[in-house]
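Observations on the three-dimensional arrangement
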Amino acid sequence: MTVKFKAYNLLFNHAFTISKGTKTHQPTLIVELEYFGIKGYGEAPAISYYNIPVEKMIEDLERKKIFVEKFAFSDPERYWHYLHHLFPANSFLVCALDMAGWDLFGKLKGKQLHELWGLDTAKAPLTDYTIGIDTIDKMVEKMKEKPWPVYKIKVGVPDDIAMVTELRKHTDAIFRVDANAGWSLEEALEKILLLKDLGVDMIEQPLAKDNWDGMKILFEKSPLPLFADESCVAEADVEKCYKHFHGINIKLTKCSGITPARRMIARARELNLQIMIGCMNESSVGTAAIAQLAPLADHIDMDGPLLLAEDTASGISYDFGRVVYSDLPGLGIKIDPL
């Protein structure tokens, strides 16, 4: 097996702002595993507040490249365990390689992953479309630019209720809001009541990721379901979210790939937690991996390619929120070799 990689800095259609900051480009790493002439691809975007830049992923991969390549590949789950121990402090890189392993496996079997897992893509929920924080007029403009059945609205700033109030005047679409840990408990208790009246159907990460006491109170009082994002990074966090959140947002990059994400989904179901599978503004490579798991979720946030002005691959498309799958094996993508 051989590994190659390429770094990208993908331009957003609009500057992307959340409560943690603004960015105009999405840095991301694409990896390619080649095994007897068959090539599999994976992706890991870099997110500044997780402190794993693309340069760190490349440094770690180059340092242990020989070990990545020497594994006797047979199935991706075994490969993930190997990679997990090889890069214990770099879940993002493990995710990219795990994803590539699954793409390779699907191609070896001649099927997309959802077919190998016996999943029905007709059961995949509609994906939302994210409206980043901006001036209210600009947010309305972004929404009108992309008519969509479900919007995810970034909040967590002082005038966020006014933002959602104005957006509601222009559509009857489903609204979800994501505070990205931007509220205090007092703010959340007040704002969630107002958001419910504005037709919002769920709240993502209202409080700081480690404010478990506050979340316990909010969980008991909130009239809307609460979903963990920053509070649910890895497998061990699923248990912590029980009776603090109504659901969890699983992101492949954070949890280290498709392999652990499938286990997180299974455990969340055992705990009666709802499941959202989310994105970190991946291009079509990482988004196609999310799509393979989509039939297992209650909610999907996989709009990365819609937010980006540039892409790295093709194969995933959208029809007014509905995910349209290709007939290609593995992740179902088409990409130029690295």
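To keep things clear, this report deals only with the structure shown in the data block. Quantities reported herein were computed from a predicted structural model and do not represent experimental measurements.

Now for unusual backbone geometry. Most peptide bonds take the trans form, and the phi angle of most residues other than glycine is negative. Despite not being glycine, Asn 272 has its phi angle at roughly 65°, a positive value. When you line up the elements, Asn 272 lands in the loop between helix 12 (258-270) and strand 10 (274-278). Using a relative accessible area of 70% as the deciding quantity, one classes Asn 272 as exposed. The backbone phi angle of Phe 320 is positive, close to 50°, even though this residue is not glycine. Tracing the backbone through its elements, the reader meets Phe 320 in the loop between strand 12 (317-319) and strand 13 (322-324). Phe 320 gets classed as partly exposed once you look at its relative accessible area, which sits at 48%.

Further remarks concern the side chain of Thr 127. Within the element layout of this structure, Thr 127 appears in the loop between helix 5 (113-116) and strand 4 (129-131). Beyond its immediate stretch of four places on either side in the chain, Thr 127 contacts Trp 148, Val 150, Ile 300, Asp 301, Met 302, Asp 303, Tyr 318 and Gly 321.

On to the packing of aromatic side chains. This structure, assessed with the given rule, holds 17 aromatic pairs. Each ring, one from Tyr 79 and one from Tyr 82, has its centre 6.3 Å from the other, and the planes form 15°; the classification is stacked. Of this pair, Tyr 79 and Tyr 82 both sit in helix 3 (residues 76-86), three residues apart, which is roughly one turn of the helix. Residue Tyr 79 is classed as buried on the basis of its relative accessible area of 1%. A residue is classified by how much of its surface remains accessible, and Tyr 82, at 26% relative accessible area, is partly exposed.

Here the focus is helix 13 (residues 284-293). Most of helix 13 sits out of view: 10 of its 10 residues are buried. Among all positions of helix 13, only Ser 284, Val 285, Gly 286, Thr 287, Ala 288, Ala 289, Ile 290, Ala 291, Gln 292 and Leu 293 are buried.

Here the focus is the pattern of salt bridges. Counted under the stated rule, the structure contains 23 salt bridges. Salt-bridge contacts for Arg 262 lead to Glu 77; the nearest nitrogen and oxygen are separated by 3.2 Å. One end of the pair, Arg 262, is in helix 12; the other, Glu 77, is in helix 3, and 185 residues separate them in sequence. Close ionic contact of Asp 229 with Lys 254 constitutes a salt bridge, the shortest N to O distance being 2.4 Å. Placement of the pair is Asp 229 in the loop between strand 8 (226-228) and helix 10 (236-241) and Lys 254 in helix 11 (residues 252-255), with a sequence separation of 25 residues. By sharing partners, the salt bridges in this structure join Lys 152, Lys 154, Asp 178, Glu 204 and Asp 301 into a single network.

The next subject is the environment of Val 150. Relative to the helices and strands, Val 150 resides in strand 5 (residues 150-154). Ignoring anything within four residues of it in the chain, the contact list for Val 150 reads Leu 126, Thr 127, Asp 128, Tyr 129, Ala 173, Ile 174 and Arg 176.

The rules behind each value
- Residues numbered from 1 in each chain as written.
- Predicted model: local features only at pLDDT ≥ 70, side-chain atom pairs only at ≥ 80, totals over all residues.
- Heavy atoms only, no water.
- Helix = DSSP H or I, 4+ residues; strand = E, 2+ residues; numbered from the N terminus.
- Buried < 20%, exposed > 50% of the residue type's maximum accessible area, 1.4 Å probe, protein only.
- Contact = heavy atoms within 4.5 Å.
- Phe/Tyr/Trp six-rings, centres within 6.5 Å; stacked < 30°, edge-to-face > 60°.
- Salt bridge = Lys/Arg side-chain N within 4 Å of Asp/Glu carboxyl O.

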